[in-house]
Amino acid sequence: MTVTSINSTSPTAGASTGPKTSLSSLDSGDFLKLMLAQMQQQDPTNPVDQKEMLAQMAQFSQLSSSTKMSDTLTTISSKLDTLVSSQNATQQAISTLAASIAASNAGGAQPAA
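This structure is a prediction, so every number in the text was calculated from the model and none was measured. (Residues numbered from 1 in each chain as written. Predicted model: local features only at pLDDT ≥ 70, side-chain atom pairs only at ≥ 80, totals over all residues. Heavy atoms only, no water.)

Moving on to a nonpolar patch on the surface. The grouping of Met69, Leu73, Ile76, Leu80 and Leu83 at the surface amounts to a nonpolar patch, some 490 Å² of accessible area in total. If you trace the backbone, Leu80 turns up in helix H2 (residues 50-106). Take Leu80: its relative accessible area is 47%, and that puts it in the partly exposed class. (Patch = residues over 30% accessible without salt bridge, like charges linked within 9 Å, V, L, I, M, F, W, Y side chains within 5 Å. Areas by Shrake-Rupley, 256 points an atom, 1.4 Å probe, with all protein chains shown as cover. Salt bridge = Lys/Arg side-chain N within 4 Å of Asp/Glu carboxyl O. Helix = DSSP H or I, 4+ residues; strand = E, 2+ residues; numbered from the N terminus. Buried < 20%, exposed > 50% of the residue type's maximum accessible area, 1.4 Å probe, protein only.)

Written out as structure tokens, the structure is:
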């Protein structure tokens, strides 16, 4: 029995218009496209083990979660850096104001009693 491959030459819905330049630009849609292509191209007499497929999906899910967590932590870190800078600027302004008040009081001006 001869088995022939049926390949579509038209792009699928949602396919990107340009090539990906690095592995870091791949997303969950790309993973699903690869998994679907793997399933379509597998040997019908020797299909991919379901446990192996589930393991691949679990690994991708874990990687996706780690990436999202990393992005969230980067955002939090950036916001904390901004907060610390603001607090340092406020503390510097308060110190300058306190020194100015102390200098004006030491200059002979007596506070009202």
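A separate point is the packing of helix H1 (residues 28-41) against H2. Here H1 crosses H2 at 170 degrees, and the two axes come no closer than 11 Å. Regarding the angle of H1 to H2, the classification is roughly antiparallel. Between H1, through Ser28, Phe31, Met35, Gln38 and Met39, and H2, the contact on the second element is made entirely by Met53, Gln56, Met57 and Phe60. Among the residues forming the contact of H1 with H2, the class breakdown is six nonpolar, three polar and no charged. (Axes fitted to C-alpha atoms, helices over the stretch in contact; angles between N-to-C directions. Parallel < 35°, antiparallel > 145°, perpendicular 65-115°, else oblique. Contact = heavy atoms within 4.5 Å. Nonpolar A, V, L, I, M, F, W, Y, C, P; charged D, E, K, R; others polar.)

These figures come from the coordinates and say nothing about function on their own.
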